[in-house]
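Structural description and commentary
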Amino acid sequence: MDIGALLLEAASLMLTGMVGVFAFLSILIFAVSKLSLIAGGDEPVKPQRQPTKRPASTGVSNAHIAAISAAIAQYRSK
C-alpha cells in the first residue's frame, strides 16, 4: 500500500469515529434532558438557610496583644 491510501483510510476511520462519538453524545444529552422532565427536575430547589452562630469577636484577644507587645518590648530592650 502506498502512503496516500493509508492516509485516506486513516482519515476515513477518524471521521467515522468522530461522527460516532458525536451521535452518541447527542443521544445522551437528549435522553438526559427528557428523563429530567419525566422526573420533575424542572423546579429548582431552594436551599433553606440555617442561622449561623457567629463569635462575639473575630479579632485578636487583648491577652494575645499584651503578650506580643511585652515580647517586642523585651526584644528591643536587649
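Structure's up top.
These remarks concern the structure in this document. Please read all numbers here as calculations on a predicted model, not as lab measurements. (Residues numbered from 1 in each chain as written. Predicted model: local features only at pLDDT ≥ 70, side-chain atom pairs only at ≥ 80, totals over all residues. Heavy atoms only, no water.)

Secondary structure summary: the chain contains 2 helices and 0 strands in total. Every one of the 78 residues in the chain was classed for burial, and the buried ones make up 0%. Entry remark: accessible area of the chain is about 7900 Å², with carbon and sulfur atoms responsible for 69%. (Helix = DSSP H or I, 4+ residues; strand = E, 2+ residues; numbered from the N terminus. Buried < 20%, exposed > 50% of the residue type's maximum accessible area, 1.4 Å probe, protein only. Areas by Shrake-Rupley, 256 points an atom, 1.4 Å probe, with all protein chains shown as cover.)

Taking 1.5 Å of rise per residue, the 37 residues of helix α1 (residues 3–39) would be expected to cover 54 Å, and the 53 Å separating its terminal C-alpha atoms lies within 8% of that figure. One or two steps after α1, the chain reaches G40, where phi turns positive at roughly 80 degrees. (Expected span 1.5 Å × (residues − 1).)

What follows deals with a nonpolar patch on the surface. Together, V21, F24, L25, L28 and V32 line one region of the surface with nonpolar side chains, adding up to about 470 Å² of accessible area. As for its placement among the helices and strands, F24 is situated in helix α1. (Patch = residues over 30% accessible without salt bridge, like charges linked within 9 Å, V, L, I, M, F, W, Y side chains within 5 Å. Salt bridge = Lys/Arg side-chain N within 4 Å of Asp/Glu carboxyl O.)

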